[in-house]
Amino acid sequence: MKIIYFHGFASSGASGTVQLLRKLMPDDEVIAPDIPVEPLEALPYLKELCQQEQPDIIIGTSMGGMYAHQMRGFHSGITGKSTKVICVNPAVNMSTMSHVLKTGEHKFLNGRKDSQKTFRITKDIIQHHNQIERQQFKNLTDEDKANVWGLFGIYDKTCNTYGAFSKHYPQCSRFEGEHQLNEKVLKKVVIPLIKEIS
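Cut-off values and rules
- Residues numbered from 1 in each chain as written.
- Predicted model: local features only at pLDDT ≥ 70, side-chain atom pairs only at ≥ 80, totals over all residues.
- Heavy atoms only, no water.
- Axes fitted to C-alpha atoms, helices over the stretch in contact; angles between N-to-C directions.
- Helix = DSSP H or I, 4+ residues; strand = E, 2+ residues; numbered from the N terminus.
- Parallel < 35°, antiparallel > 145°, perpendicular 65-115°, else oblique.
- Left-handed = near helix turned anticlockwise from the far one by under 90°.
- Contact = heavy atoms within 4.5 Å.
- Nonpolar A, V, L, I, M, F, W, Y, C, P; charged D, E, K, R; others polar.
- Pairing = 2+ DSSP bridges.
- Expected span 1.5 Å × (residues − 1).
- Bend = angle between axes of the 7 residues up to and from the residue.
- Buried < 20%, exposed > 50% of the residue type's maximum accessible area, 1.4 Å probe, protein only.
- Polar contact = N/O pair within 3.5 Å; in protein donor to acceptor, adjacent residues only side chain to side chain.
- Core = buried A, V, L, I, M, F, W, Y, C linked by side-chain atoms within 4.5 Å.

1. Overview of the packing of helix α1 (residues 16-24) against helix α7 (residues 183-197)
Moving on, step 1. Between α1 and α7, the least distance of the axes is 11 Å, while the angle of their chain directions is 60°. Here α7 runs oblique to α1, going by the angle between their axes. α1 and α7 meet at a crossing whose hand is right-handed. Across the interface between the two elements, T17, L20, L21, K23 and L24 from α1 touch E183, L186, K187 and I191 from α7.
Moving on, step 2. Broken down by class, the residue content of the contact of α1 with α7 amounts to 5 nonpolar, 1 polar and 3 charged.

2. Description of the packing of helix α2 (residues 39-53) against helix α4 (residues 123-135)
Moving on, step 1. With their axes 8 Å apart at the nearest point, α2 and α4 run at an angle of 45° to one another. In terms of orientation, α2 and α4 fall into the oblique class. Of α4, the residues touching α2 (which contributes P39, L40 and L43) are I125, H128, H129, Q131 and I132.
Moving on, step 2. In the contact of α2 with α4, the residues fall into 5 nonpolar, 3 polar and no charged.

3. Focus: the sheet that holds strand β3 (residues 57-61)
Moving on, step 1. Within the open sheet, the 6 strands sit side by side as β2-β1-β3-β4-β7-β8. Their pairing is parallel. Of all strands in the sheet, those with a lone pairing partner are β2 (29-31) and β8 (172-175), marking the two edges. Adjacent strand axes in the sheet meet at a mean angle of 20° when their direction is disregarded.
Moving on, step 2. Across 4 bridges, strand β4 (residues 84-88) lies against strand β7 (residues 148-153) in parallel orientation.

4. Focus: α7
Moving on, step 1. With 15 residues, α7 should reach 21 Å at 1.5 Å per residue; the first-to-last C-alpha distance of 20 Å fits that figure.
Moving on, step 2. Where α7 bends most, the angle comes to about 35°, and this point is V190, followed within four residues by the proline P192.
Moving on, step 3. Turning to α7, its buried residues number three or more, namely V185, L186, V190, I191, L193, I194 and I197.
Moving on, step 4. Between a side-chain oxygen at the N-terminus of α7 and the backbone nitrogen of K184 the separation is 3.2 Å; the capping residue is N182.

5. Let's talk about the nonpolar core
Here is a general trend for soluble globular proteins: nonpolar side chains tend to be buried in one another's company.
Moving on, step 1. Counting 40 residues, the largest nonpolar core has F6, F9, Y67, M71, M94 and F165 as its most contacted members.
Moving on, step 2. Every element with two or more residues in this core is listed here: β1 (2-6), α2, α3 (63-68), β4, β6 (118-121), α4 and β7.
Moving on, step 3. Ranked by residues supplied to this core, first place goes to α2 with 5 residues.
Moving on, step 4. The contacts of F9, once residues within four sequence positions are left out, are M63, M94, V100, L101, L109, F119 and I121.
Moving on, step 5. Judged by nonpolar contacts, the second largest core, of 23 residues, contains L21, A32, I57 and V185.

This is the structure we're talking about:
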């Protein structure tokens, strides 16, 4: 099985979650790109990556979940069936998360392929997030809704978007956990869902 993982804000494809996924699913291929900071660059880049790779499953956490549910119309290169998408605590409201998306210089939490250690958030970047957010749920088809799952930590204090997300996607559930994924949640919630939907 081919899985693409989209990381959260200030992270990278070298995050601890990616390492855990690879450890827990050794027979599957886990592709984890570094997502560009600029959303108007990130969204087309991720769509092109999915077009090239034709994954079976896309998993996105936080900001990555916001991007993941917008990967519509892709089909697995192996089965030919529609790509399934799992969004964990999707940050569908990045532009209003002022405690996270602040203007100024920020440090990446994990190593990036381009070796960049810091990045800058500008007012334009926040505005571009807002621009994407206003479009993200438009033109959803029944097939789109059938292929997206939302998972929400009941102790998530960073980003609670269960209400906003479940208005558009019926397959939403809560789990015992916080905002960030850990090994327990991967083993008890995410991997069982991967096995069920694949």
